[in-house]
Amino acid sequence: MQLVLSQILAGLSTGGIYACMALAIVMIYQAIDHLNFAQGEMAMFSTFIAWQLLHWGLPYWPTFFLTIAISFVGGVLIERIIFKPLKNAPILSHIVVFIALFAILNSGAGFIWDFNIKSFPTPFGTTPLFGSLISSHDAGMISVTIIVLILLYAFFRYTRVGLAMRATAANPESARLVGIRVGWMIALGWGMAAAIGAIAGMMIAPVVFLEPNMMVSILLYGFAGAVVGGLTSPLGAVIGGFAVGVIENLSGFIPDVGNELKLTIALALIVAVLTIRPQGLFGRVIVTRV
Amino acid sequence: MMNRTLLSARKLSAFYGATRVLHGIDFDIIEGNVTAFLGANGAGKTSTLRALSGMIETTGEIDFAGQPLKGKSTEERAQLGIAHVPEGRGTFSRMTIEENLQLGAMSRSDRAGIAADIERVYGYFPKLRERAHQQAGTMSGGEQQMLAIGRALMMRPKLMLLDEPSFGLAPLMVDEVYTILRRLKEDEGVSMLLVEQNAAAALALADQAYLIETGEIVMSGLAQEIGRDENIRRAYLGY
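The rules behind these values
Residues numbered from 1 in each chain as written. Chains lettered and ligands numbered in written order. Predicted model: local features only at pLDDT ≥ 70, side-chain atom pairs only at ≥ 80, totals over all residues. Helix = DSSP H or I, 4+ residues; strand = E, 2+ residues; numbered from the N terminus. Rg over C-alpha atoms; globule rule 2.2 N^0.38 Å. Buried ≥ 20, exposed ≤ 12 C-beta atoms within 10 Å, placed from the backbone. Contact = placed C-beta atoms within 7 Å. Nonpolar A, V, L, I, M, F, W, Y, C, P; charged D, E, K, R; others polar. Domains from an automatic or database assignment. Axes fitted to C-alpha atoms, helices over the stretch in contact; angles between N-to-C directions. Parallel < 35°, antiparallel > 145°, perpendicular 65-115°, else oblique. Left-handed = near helix turned anticlockwise from the far one by under 90°. Pairing = 2+ DSSP bridges. Expected span 1.5 Å × (residues − 1). Arc of directions from axis to C-beta.

A. Highlighting the overall build of chain B. Counting its regular elements, chain B contains 10 helices and 10 strands. In summary, chain B has a C-alpha radius of gyration of 17 Å against a globular reference of 18 Å for 239 residues, a match within 12%. Oriented by its inertia axes, the alpha-carbon framework of chain B measures out at about 45 × 40 × 40 Å. Looking at chain B residue by residue over its 239 residues, the buried ones come to 42%. Of the contacts made within chain B by residues no fewer than 6 positions apart, 69% connect residues no fewer than 24 positions apart.

B. Summary view of the interface of chain A and chain B. With 16 residues of chain A in contact, the opposing surface of chain B contributes 19 residues. At the level of secondary structure, the elements contributing two or more residues to the side of chain A that touches chain B comprise helix H6 (160-170) and helix H7 (172-177) of chain A. If you tally residues by element for the side of chain A that touches chain B, the top one is H6 of chain A, at six residues. Partitioning the side of chain A that touches chain B into residue classes produces eight nonpolar, three polar and five charged.

C. Local environment of the domain arrangement of chain B. Residues and elements named next belong to chain B. Parsing chain B into structural domains produces domain 1 (5-81 + 159-237) and domain 2 (94-156). For domain 1 and domain 2, the distance between their C-alpha centroids amounts to 23 Å. Contact residues are listed per partner, giving 11 residues for domain 1 and nine residues for domain 2. No other element matches the five residues that helix H7 (residues 171-188) contributes to the side of domain 1 that touches domain 2.

D. Fine view of the packing of helix H9 (residues 216-229) of chain A against helix H11 (residues 262-276) of chain A. Residue and element names in this part refer to chain A. For the pair H9 and H11, the least separation of the axes is 9 Å and the interaxial angle reads 25°. Compared by their axis directions, H9 and H11 come out roughly parallel. The element H9 and its partner H11 pack so that their crossing is left-handed. Each of Ser217, Leu220, Tyr221, Phe223, Ala224, Val227 and Val228 in H9 lies in contact with H11, whose residues at this interface are Leu263, Ala266, Leu269, Ile270, Val273 and Leu274. By residue class, the composition of the contact of H9 with H11 is 12 nonpolar, one polar and no charged.

E. Fine view of the sheet that holds strand E3 (residues 34-38) of chain B. Residues and elements named next belong to chain B. Across the sheet, six strands lie side by side as E6-E7-E8-E3-E9-E10; this open sheet has mixed pairing. Sheet topology places strand E6 (82-85) and strand E10 (216-222) at the edges, where each strand pairs with a single neighbour. Recorded for the sheet is a direction-independent mean angle of 15° between the axes of neighbouring strands. Pairing of strand E7 (residues 159-163) with strand E8 (residues 191-196), which is carried by five bridges, proceeds in the parallel orientation. Note on E8: the bridge partner recorded for Asp163 is Val195.

F. Fine view of unusual backbone geometry. All names here are of chain B. Even without being glycine, Lys11 reaches a positive phi, approximately 50°. Position of Lys11 relative to the elements: it lies in strand E1 (residues 5-16). A residue is classified by how many C-beta atoms lie within 10 Å of it, and Lys11, with 12 of them, is exposed. Its identity is not glycine, yet Thr214 carries a phi of approximately 40°, on the positive side. Summarising the element assignment, Thr214 is placed in the loop between strand E9 (208-213) and E10.

G. Inspection of the sheet that holds strand E4 (residues 57-64) of chain B at higher detail. Residue and element names in this part refer to chain B. The strand order across the open sheet formed by four strands is E2-E1-E4-E5, and the pairing between neighbours is antiparallel. The two strands at the open ends of the sheet, each matched to only one other strand, are strand E2 (19-30) and strand E5 (67-68). Note: E4 against E5, two bridges, orientation antiparallel. Across the sheet, the residue bridging to Phe64 is Gln67, located in E5. Helix-sheet contacts for helix H1 (residues 45-52) involve E1, E2 and E4, and the interaxial angle to E2 is about 70°.

H. Here's a closer look at helix H4 (residues 111-124) of chain B. All names here are of chain B. The end-to-end C-alpha distance of H4, which contains 14 residues, comes to 20 Å, matching closely the 20 Å that a straight helix rising 1.5 Å per residue would cover. Among the residues of H4, those classed as buried are Asp117, Ile118 and Val121. Viewed end-on, H4 has its buried residues packed into an arc of 105°, placing them on one side of the element. Opposite the packed face of H4, turned more than 90 degrees from it, sit the exposed residues Ala112, Ala115, Ala116, Glu119 and Gly123. Taken together, the buried residues of H4 touch helix H3 (97-104), helix H5 (126-130) and helix H6 (141-153).

I. Region of the structure containing the environment of Phe223 of chain A. Residue and element names in this part refer to chain A. Tracing the backbone through its elements, the reader meets Phe223 in helix H9. With 12 residues separating them along the chain, Phe223 and Glu211 place their C-alpha atoms 20 Å apart. Apart from the residues lying within four places of it in its own chain, the contact partners of Phe223 are Ile25 and Ile270.

J. Here's a closer look at the environment of Ala78 of chain B. Structurally, the position occupied by Ala78 of chain B is in helix H2 (residues 74-80). With 79 residues separating them along the chain, Ala78 of chain B and Pro157 of chain B place their C-alpha atoms 8.3 Å apart. Dropping the residues within four chain positions of it, Ala78 of chain B is found in contact with Arg176, Leu177, Val178 and Gly179 of chain A together with Ala83, Ser107 and Met155 of chain B.

K. Representation of H6 of chain B within the structure. Residue and element names in this part refer to chain B. Taking 1.5 Å as the rise per residue, H6 with 13 residues should run 18 Å; its terminal C-alpha atoms sit 18 Å apart, in good agreement. The buried fraction of H6 is high, at 10 of 13 residues. When we look at burial in H6, the residues that qualify are Gln144, Gln145, Met146, Leu147, Ala148, Ile149, Gly150, Arg151, Ala152 and Leu153. Tucked into the core, H6 has its buried residues touching E6, H3, H4, H5, E7 and H7.

Right, here's the structure in full:
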């Protein structure tokens, strides 16, 4: 029982990271109707920036917030420079650009910081808590995730900019007609997605170690979370992310599955959900009139 | 009241891709007046509104409140005071009624004024107050039309563009909507450009009327006179 509980808690802590990635994916999907394959690489690049700042001697928390700010600006710039001109381009152009962005960020990070695995510090330490039920880093990770989610909820629920961003995602044409600058709302969404990714990257880096490919499998779990919860539902994406984390950890108990097949389970989950309930658990069916 | 021209369009053409849907039309909207555009389905009424809002490609000149609209985006035109209540009402259906009204005030920053205007809208549409915290998509078509008009009012517009406010509504509801539009005209002096297939309802409210057919204006004049002329009614308005 102790073991199961500890596995569930560990699942929730990595699940929080998947939830952040899923949320970042959903935010961009809502804004531009495309899946950002480069979301993980953006997060990885942000984490390298954090590593560099730490390496230059900046303390952890100033680094943490500075990295979030830099990532936000980076996300806005990516939208303004690369995706704004592609607004009306066909889906294949978007896919090609996402792959290019993926490759540029991945090899760019490798070029600047090389491909050797680096350790990344945790501000929470690694002492076991509650009779070694959960490590202090895992507990810190869950806390940070929950704070981020609460802040985002409050932002979208109670601020005017949040309301404008929701309106833009729901009905861009109507949003324009009431004078909302839709283009900037989309750029803001990119900035926020990049910032959320940066937090996820910095939180998970002490666990998976820092290297240019560190986010590949995490993004896959994030996609799984987003698909399970529904790409049209931010809340669903968060719940999906946590669920995938727990499922991933508990699947270690199934005989003959073990760690090697964990990623397979994420992919199987994506396929199963897309087959049985394509809109996800919390998403809604989009009806297109033609 | 001074008869100042609020908006004037000269040689206005509009395009969907390569298809030309308006063929160089001229018209004026006088401040404080209701101007009606009447015509059959596909005549170019909605396209005229979309052209004024910058939602489709246009050529020609549009002057609004003393400045040319050329090159201005839809959101800039909204900020200048053009409140477009679109075909299908443009409801943010998964947001609450109150949030929909807040969105109308998105380019304003006077919090007290916004709160007062929400009260004012609830005064005109008591049904909206009853359901303020429900999802807008759960309301009936007529209620959504009222919400769309309320949202436009929240913009404190200089000009309201109304695209078939009677569309899809039961006759009683049409009367209700038009009664409120009349109150807005008489009590608040809101200038409106009204596009309708329901010519009788529109002519009863309007000051000026334009008849539009396949993207061209075929007749214009005082709404009263056009409504009285039996030949015009038979030929163009079908009643």
